[in-house]
Amino acid sequence: ETALQRKARKATVASIKDVVGSGLSSAGAFQMAAAACSIESGTIPGIRNYHTPDPELHLKFNTRVRKQNPRRVLVSSHGVTGINSVISFKRFKA
């Protein structure tokens, strides 16, 4: 098991696409706004209609909105033209 696999097991996976749909070129902006709101509000969005986890994936999929106070959020956005981007947000401490 690699260090990345150990970290991935601790991470919570969430998505907003099931709620807002595919925003095409604006999907990344939707995801960034949701990530910033997640950090600000201390909640993680749930994934609707996710009922049967894949036993091969050792990830925690969040199926309901819940309080968790995330310190860091990673947004991975994949465009229909093959353009992919990743951005990370971290809670700011004053």
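Quick note: structure is the one above.
Participant: Would you mind going over the side chain of Asn62 with me for this structure?
Facilitator: Locating Asn62 in the fold gives a position in the loop between strand E3 (60–61) and strand E4 (66–67). The buried category is assigned to Asn62, whose relative accessible area is 4%. At 3.3 Å, the side chain of Asn62 and the backbone oxygen of Ile44 are in polar contact. There is a polar contact of 2.6 Å between the side chain of Asn62 and the side chain of Arg66. If near-sequence neighbours (up to four positions away) are discounted, Asn62 is found in contact with Thr12, Val13, Ala14, Ile44, Pro45, Gly46 and Ile47.

Participant: Can you help me understand a nonpolar patch on the surface in this one?
Facilitator: Taken together, the side chains of Val19, Val20 and Phe30 present a nonpolar region at the surface, about 260 Å² in accessible area. Here Val19 lies in helix H2 (residues 17–20). Taking relative accessible area as the criterion, Val19 reaches 53% and is therefore assigned exposed.

Participant: So what exactly am I meant to see when it comes to helix H3 (residues 27–41) here?
Facilitator: Given 3.6 residues to a turn, an α-helix orients residues that are three or four positions apart in the same direction. Counted at 1.5 Å a residue, the expected span for H3 with its 15 residues is 21 Å, and the 21 Å between its end C-alpha atoms agrees. Looking at the buried positions of H3, the neighbouring elements they touch are strand E2 (43–44), strand E5 (72–78) and strand E6 (84–90).

Participant: Teacher, can you tell me more about unusual backbone geometry here?
Facilitator: Comment: phi is negative for the bulk of residues other than glycine, and the bulk of peptide bonds are trans. One non-glycine residue, Asn49, lies in positive phi territory at about 60°. Following the sequence through the fold, Asn49 ends up in the loop between E2 and E3. A relative accessible area of 65% places Asn49 in the exposed class. A positive phi is found at Asn69, a non-glycine position, where the angle reads about 55°. Checked against the element boundaries, Asn69 lands in the loop between E4 and E5.

About the thresholds
Sequence order as written defines the numbering, with residues in each chain counted from 1. Totals for whole chains, interfaces and linings use all residues, but because this is a predicted model, local features are given only for residues with pLDDT of at least 70 and pairs of side-chain atoms are given and counted only at 80 or more. Note: side-chain values were computed over all heavy atoms of the structure, leaving out hydrogens and water. Helix and strand definitions here come from DSSP, where helices need a minimum of 4 consecutive H or I residues and strands a minimum of 2 consecutive E residues; each element is numbered from the N-terminal end. Classification of residues uses two cut-offs on accessible area relative to the type maximum, computed with a 1.4 Å probe and protein chains only: under 20% is buried, over 50% is exposed, and between them is partly exposed. As used in this structure description, the phrase polar contact means that two N or O atoms lie within 3.5 Å; if the pair is within protein, one of them must be able to donate a hydrogen and the other to accept it, and residues adjacent in sequence are counted only when both atoms belong to side chains. Any pair of residues with heavy atoms lying within 4.5 Å of one another is described as a contacting pair. What goes into a patch is any residue over 30% in relative accessible area without a salt bridge, connected to like charges within 9 Å or, for nonpolar side chains (Val, Leu, Ile, Met, Phe, Trp, Tyr), within 5 Å. Calculation of accessible area relied on Shrake-Rupley with a 1.4 Å probe; when residues are assessed, cover is drawn exclusively from the protein chains displayed. Salt bridges are identified by distance alone: a Lys or Arg side-chain nitrogen within 4 Å of an Asp or Glu carboxyl oxygen. Each residue after the first adds 1.5 Å to the expected span of a helix.

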